[in-house]
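Secondary and tertiary structure notes
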Amino acid sequence: FDAVVESIDPPKIDSVESDDLQCLISNIVYDNFKGKMGIARITNGSVRANQAVALARPDKAKKTGRLGNLFVFDNLGQKEVE
């Protein structure tokens, strides 16, 4: 797995600001109370709960949204952060 991670470059998107959020969503899980939750690795920038975000994909229109809750992995579980 480490060899795969080292050989694949992080996503690159032209952005105006050097601190724009860039992340790669690796999995989407569903929670009965919160709905869809994306598990991502941040490669540039930072996030906060209730932050406006946009999904940019090559050759497709940009989708905008807002982050609801923000969690980090803590040992085998998750804990909510701001």
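Please refer to the structure placed before this passage.
Quantities reported herein were computed from a predicted structural model and do not represent experimental measurements. (Residues numbered from 1 in each chain as written. Predicted model: local features only at pLDDT ≥ 70, side-chain atom pairs only at ≥ 80, totals over all residues. Heavy atoms only, no water.)

Thoughts on the overall build of the chain
- Per the secondary structure count, the chain includes 1 helix and 6 strands.
- Reading the helices (α) and strands (β) of the chain from amino to carboxyl end gives α-β-β-β-β-β-β.
- The principal-axis extents of the C-alpha atoms in the chain amount to approximately 35 × 35 × 20 Å.
- Out of the 82 residues in the chain, the part that is buried amounts to 6%.
- A total of about 7,400 Å² of accessible surface is found on the chain, and carbon and sulfur atoms cover 51% of it.
- Placing the 11 positive and 12 negative side-chain charges of the chain at their respective mean positions leaves the two points 8 Å apart. (Helix = DSSP H or I, 4+ residues; strand = E, 2+ residues; numbered from the N terminus. Buried < 20%, exposed > 50% of the residue type's maximum accessible area, 1.4 Å probe, protein only. Areas by Shrake-Rupley, 256 points an atom, 1.4 Å probe, with all protein chains shown as cover. Lys, Arg positive; Asp, Glu negative; His and termini not counted. Charge placed at Lys NZ, Arg CZ, Asp CG, Glu CD.)

Notes on a positive patch on the surface
- A cluster of basic residues, Lys 36, Arg 57, Lys 60 and Lys 63, forms a positive patch at the surface.
- Here Arg 57 is to be found in the loop between β3 (52–55) and β4 (63–66).
- For Arg 57, a relative accessible area of 36% gives the class partly exposed. (Patch = residues over 30% accessible without salt bridge, like charges linked within 9 Å, V, L, I, M, F, W, Y side chains within 5 Å. Salt bridge = Lys/Arg side-chain N within 4 Å of Asp/Glu carboxyl O.)

Considerations on the pairing of strand β6 (residues 77–81)
- Relative to β6, strand β5 (residues 70–74) is paired through 5 bridges, and the arrangement is antiparallel. For Leu 70, the partnering residue across the bridge sits in β6 and is Val 81.
- Between β5 and β6, which pair antiparallel in sequence order, lie 2 residues; one of them, Asn 75, sits at a positive phi of approximately 55°. (Pairing = 2+ DSSP bridges.)

A closer look at unusual backbone geometry
- If you check the backbone angles, Asn 50 has positive phi at about 65° while not being a glycine.
- Secondary-structure assignment places Asn 50 in the loop between β2 (35–44) and β3.
- Of note, the phi angle at Asn 75 is positive, near 55°, even though the residue is not glycine.
- Tracing the backbone shows Asn 75 in the loop between β5 and β6.

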